[in-house]
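Structural characterization, general
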Amino acid sequence: MPVVTPYVPQNITVHLGSPSSNAANVTVPFADYVKNVASSEIYPTWDEDALRANILAIVSFALNRIYTEFYRSRGYDFDITNNTAYDQAFVNGRSYFNNISRIVDELFNDYLRRPGFVEPLAAKFCNGTTVTCQGLSQWGSENLARQGYSYDQILRSYYGNVEIVPNAPVRGIMSSYPGTPIQVGSTGPNVVVIQVALNRIAQNYPAIPKIPAADGIFGSRTEASVRAFQRIFNLTPDGIVGPATWYAIVRLYTAVTNLAELRSQGQQFYAINWSPPNSLQVGDSGEKVRLLQYMLSLLSDFISGIPPLAVDGIYGSGTRAAVQAAQRRFGLPETGIVDPATWDLIYDQYAGIENTTLRSGETFPGISAQAIPALARSRNGATRQAYSRTTTLTQFPGRDLSMGTQDPVRQEVVR
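Residues numbered from 1 in each chain as written. Predicted model: local features only at pLDDT ≥ 70, side-chain atom pairs only at ≥ 80, totals over all residues. Heavy atoms only, no water.

1. Notes on the overall build of the protein
Regarding its fold elements, the protein presents 11 helices and 11 strands. When each of the 415 residues of the protein is scored for burial, the buried share is 52%. The contacts in the protein between residues at least 6 apart in sequence include a share of 66% that link residues at least 24 apart. Carbon and sulfur atoms make up 48% of the accessible area of the protein, which totals about 17,600 Å². (Helix = DSSP H or I, 4+ residues; strand = E, 2+ residues; numbered from the N terminus. Buried < 20%, exposed > 50% of the residue type's maximum accessible area, 1.4 Å probe, protein only. Contact = heavy atoms within 4.5 Å. Areas by Shrake-Rupley, 256 points an atom, 1.4 Å probe, with all protein chains shown as cover.)

Here is the structure:
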């Protein structure tokens with residue numbers, strides 16, 4: 001699957017006190033923030049591998065705060081505090097040590113994460129002498145470096161199985177809220193975000209009905225789940241995901257998955273990818289089969305020769321019959337196997353119906369041509385639009401979202 005890489009912000013806003021204190025905020029370049037914290041937390045005379053291990057922990061922890069919108073989702077106007085009871089030491093206006101500054105310039109856009117997870121590791125640490133914790137021991141890292149440990153060995157000795165993600169892109173940071181309410185008829189990656197989050201929150205709050213498939217289509221079941229969430233958390237139960245509901249979902253999802261904790265359950269990759277498969281046939285299962293069935297089930301309402309079928313993600317005899325009927329209709333060999341040509345023709349018919357049929361509800365969401373949920377590779381080889389992989393509930397994508405905005409087709413998706 002593609003690599004999903006959270007971005008590094010150009011700037012970070014630091015609250016100079018505890019979260020609820022009436023203290024000033026300062027906004028500084030992210031690299032300068034890391035230099036400041038590293039110069040405040042560790043000693044420049046330490047072994048370079050110890051310095052590198054500590055700097056990567058500092059970067060990763062700060063990115064976790066930004067990625068989860070830990071403070072902003074609670075209504076604060078800052079990204080992190082300088083209170084070490086909550087976050088990391090930051091001394092406004094201090095100077096930096098030259099060797100620390102040099103290492104930070106190299107590492108400020110590298111961070112830690114667990115393999116298979118998306119979010120930067122909440123890499124907590126303590127000095128290891130007067131204060132101990134489950135994370136990295138600062139003085140302990142220096143002792144390990146003197147024993148010959150490399151910085152990655154030091155990190156894994158404290159955090160376990162982690163990987164270092166290098167050269168994350170740098171972008172401006174803004175609110176993750178998409179800018180307009182999400183409601184019945186909405187489609188796209190932001191709907192996937194809401195569906196996945198609500199299904200996970202529902203494990204802790206069973207009164208929230210599960211959404212059977214995170215398909216990127218805001219239908220009646222998604223609306224019911226949103227309404228239940230809103231009732232439980234004292235929000236207006238209108239079934240519309242505006243800013244208040246969006247950030248309440250952010251907070252709860254972060255809380256139930258422990259994304260802001262060192263022992264996070266982890267956020268994994270999920271996606272809607274409508275690009276053509278190499279082949280689908282009897283015995284296959286999974287999301288591609290489910291999407292195929294969804295398209296065929298819609299076509300069956302418009303094309304009498306295509307039989308209706310269940311959308312269960314299992315390529316059985318019913319799916320094969322529907323595929324053969326579609327192949328017969330489109331003048332293709334009736335193999336019952338979905339190759340790229342068959343997928344393209346099925347998709348062409350599906351997209352045309354989605355584009356021209358303005359009906360509300362679960363099966364026929366009212367959407368515009370710009371909001372068609374994906375475009376696969378066409379028969380002549382041209383590339384059409386497809387959903388990018390969608391990861392967590394946070395981080396502005398680096399550009400304004402408005403009517404007609406579409407996600408780029410790419411093999412590596414930056415979030």
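2. A word on the packing of helix α1 (residues 30–41) against helix α2 (residues 48–67)
Between α1 and α2, the least distance of the axes is 10 Å, while the angle of their chain directions is 125°. Classed by the angle they form, the pair α1 and α2 counts as oblique. Here α1 runs over α2; the crossing is right-handed. For the pair α1 and α2, contact is made by Phe 30, Tyr 33, Val 34, Val 37 and Ala 38 and by Ile 55, Ile 58, Val 59, Ala 62, Leu 63 and Ile 66, respectively. Of the residues assigned to the contact of α1 with α2, the class counts are 11 nonpolar, no polar and no charged. (Axes fitted to C-alpha atoms, helices over the stretch in contact; angles between N-to-C directions. Parallel < 35°, antiparallel > 145°, perpendicular 65-115°, else oblique. Left-handed = near helix turned anticlockwise from the far one by under 90°. Nonpolar A, V, L, I, M, F, W, Y, C, P; charged D, E, K, R; others polar.)

3. Brief notes about the packing of aromatic side chains
With the rule as written, the count across this model stands at 12 aromatic pairs. Both rings, one in Tyr 71 and one in Tyr 76, keep their centres 6.0 Å apart while their planes meet at 75°; by these two values the pair is edge-to-face. The ring of Tyr 151 carries the charged tip of Arg 52 above its face, separated from the ring centre by 5.9 Å. The lysine or arginine in question, Arg 65, covers the ring of Phe 70, its NZ or CZ lying 4.0 Å from the ring centre. (Phe/Tyr/Trp six-rings, centres within 6.5 Å; stacked < 30°, edge-to-face > 60°. Lys NZ or Arg CZ within 6 Å of the ring centre and 35° of its normal.)

4. Notes on the sheet that holds strand β3 (residues 11–15)
In space, the three strands of this open sheet follow the order β4-β3-β5, with mixed pairing throughout. Here the strands that pair on one side only, and so sit at the sheet edges, are β4 (25–29) and β5 (80–81). Where β3 meets β4, five bridges bridge the pair, whose relative direction is antiparallel. By the bridge assignment, Thr 13 is partnered in β4 with Thr 27. Of the strands in this sheet, β3, β4 and β5 are in contact with α1, which crosses β4 at around 105°. (Pairing = 2+ DSSP bridges.)

5. Observations regarding the packing of helix α6 (residues 189–204) against helix α7 (residues 220–232)
Contact geometry for α6 and α7: axes closest at 11 Å, N-to-C directions at 55°. As judged from the angle between their axes, α6 and α7 are oblique. The handedness of the crossing between α6 and α7 is left-handed. In this structure, α6 contributes Ile 194, Gln 195, Leu 198 and Ile 201 to the contact, and α7 contributes Thr 222, Ser 225, Val 226 and Phe 229.

6. What to know about the state of the cysteines
Under the defined criterion, the tally for this structure stands at one disulfide. Two residues, Cys 126 and Cys 133, share a disulfide whose sulfurs are 2.5 Å apart. With the S-S dihedral at roughly -95°, the linkage between Cys 126 and Cys 133 falls on the left-handed side. (Disulfide = S-S within 2.5 Å.)

7. Some points on the environment of Tyr 43
Residue position: Tyr 43 is located in the loop between α1 and α2. Sequence separation of Tyr 43 and Ile 100 is 57 residues, and the distance between their C-alpha atoms is 8.9 Å. Dropping the residues within four chain positions of it, Tyr 43 is found in contact with Leu 51 and Trp 139.

8. Focus on the nonpolar core
If you look at the biggest cluster of nonpolar residues, it comprises 48 residues, and the most contacted ones within it are Ile 12, Phe 30, Tyr 33, Val 34, Ile 55 and Tyr 159. Residue assignment for this core shows that the elements contributing at least two residues are β3, β4, α1, α2, α3 (98–107), β6 (111–113), α4 (138–146) and α5 (151–159). When residues of this core are assigned to their parent elements, the largest contribution, 12 residues, is made by α2. (Core = buried A, V, L, I, M, F, W, Y, C linked by side-chain atoms within 4.5 Å.)

9. What to know about the side chain of Arg 65
The residue Arg 65 is located in helix α2 in this model. A polar contact is formed between the side chain of Arg 65 and the side chain of Asp 87, at a distance of 2.7 Å. (Polar contact = N/O pair within 3.5 Å; in protein donor to acceptor, adjacent residues only side chain to side chain.)

10. Re the pattern of salt bridges
If you walk through the whole model with that rule in mind, you get 12 salt bridges. Of the charged contacts in the structure, one is a salt bridge between Arg 146 and Glu 142, with a shortest N-O distance of 2.7 Å. Of this pair, Arg 146 and Glu 142 both sit in helix α4, separated by four residues, roughly a single helical turn. By relative accessible area, Glu 142 is classed as buried at 2%. (Salt bridge = Lys/Arg side-chain N within 4 Å of Asp/Glu carboxyl O.)

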